[in-house]
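Observations on the model geometry
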Amino acid sequence: MEPLSQEEEDMHRGYRYLFSSFFLTAALAVPTAMSAAARQQDNGRQEENHRDDKDRNRFYDRDHRDYHNWNDNEDRSYRVYLGERHSAYRPFAEVKHKEQKAYWKWRHRHPDHDNNGG
């Protein structure tokens, strides 16, 4: 086997560097790609309206980052809120997002004291 010329040696060193860089990049990219794929499933936000285990409506309040179970107690509070504003009753799920957001803001300023977890 003939000894390599300086030019060939530099070329081999360059390929080793390129291969090492590629391998390192791939090793660092895999966890990032897996994390991004997991986040893509919920689009970076919680589902606003969905059913929970006990088949009750549940709403996510983005501003306060919490859930509210829509039960009789929450419906009473919503009716109080509408009464203060002299507004006709409309099912909460049918109300525009901006109005829902205003309700949750009001709701956090008017909490229940019955430990109902709302």
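For the structure itself, consult the block above.
Residues numbered from 1 in each chain as written. Predicted model: local features only at pLDDT ≥ 70, side-chain atom pairs only at ≥ 80, totals over all residues. Heavy atoms only, no water.

Counting secondary structure elements, the protein contains three helices and three strands. Ordering the α and β elements of the protein from the N terminus gives α-β-β-β-α-α. For the protein, the proportion of its 118 residues judged to be buried stands at 19%. Contacts spanning at least 24 positions in sequence make up 37% of the contacts within the protein whose residues lie at least 6 apart. When the accessible surface of the protein is split by element, carbon and sulfur atoms take 53% of a total near 9700 Å². (Helix = DSSP H or I, 4+ residues; strand = E, 2+ residues; numbered from the N terminus. Buried < 20%, exposed > 50% of the residue type's maximum accessible area, 1.4 Å probe, protein only. Contact = heavy atoms within 4.5 Å. Areas by Shrake-Rupley, 256 points an atom, 1.4 Å probe, with all protein chains shown as cover.)

So, about the environment of tyrosine 78. Tracing the sequence through the fold places tyrosine 78 in helix α2 (residues 72-84). Under the relative-accessibility criterion, tyrosine 78 is labelled buried at 3%. A sequence separation of 28 residues divides tyrosine 78 from tryptophan 106, and the C-alpha atoms of the two residues are 9.6 Å apart.

Tallied over the entire structure, the rule returns 17 aromatic pairs. Aromatic pair tyrosine 81 and tyrosine 103: ring centres 5.2 Å apart, planes at 75 degrees, arrangement edge-to-face. Of this pair, tyrosine 81 sits in helix α2 while tyrosine 103 sits in helix α3 (residues 97-109), and the two are 22 residues apart along the sequence. Judged on exposure class, the residue tyrosine 81 and its partner tyrosine 103 are both buried. Between phenylalanine 92 and tryptophan 104, the aromatic rings sit 5.2 Å apart at their centres with planes inclined by 70 degrees, giving edge-to-face as the arrangement. Taken together, the residues span a long stretch of sequence, with phenylalanine 92 in the loop between α2 and α3 and tryptophan 104 in helix α3 at a distance of 12 residues. Take phenylalanine 92 and tryptophan 104: they sit in the same class, and that class is buried. (Phe/Tyr/Trp six-rings, centres within 6.5 Å; stacked < 30°, edge-to-face > 60°.)

Right, let's get into the pairing of strand β3 (residues 66-70). In terms of strand pairing, strand β2 (residues 57-61) meets β3 through five bridges, oriented antiparallel. Of the residues in β3, the one forming a bridge with tyrosine 60 is tyrosine 67. Hairpin remark: β2 followed by β3, antiparallel, with four residues in the connecting loop; positive phi at arginine 65, about 55 degrees. (Pairing = 2+ DSSP bridges.)

In this section: the pattern of salt bridges. Pairs may arise between side chains of opposite charge once their charged atoms sit close together. Taken as a whole and judged by the stated rule, the model has five salt bridges. The shortest N-O distance in the salt bridge between glutamate 74 and arginine 107 comes to 2.6 Å. Taken together, the residues glutamate 74 in helix α2 and arginine 107 in helix α3 connect sequence positions 33 residues apart. Put simply, arginine 90 and glutamate 99 hold a salt bridge, and the shortest N to O gap is 4.0 Å. A relative accessible area of 38% places glutamate 99 in the partly exposed class. (Salt bridge = Lys/Arg side-chain N within 4 Å of Asp/Glu carboxyl O.)

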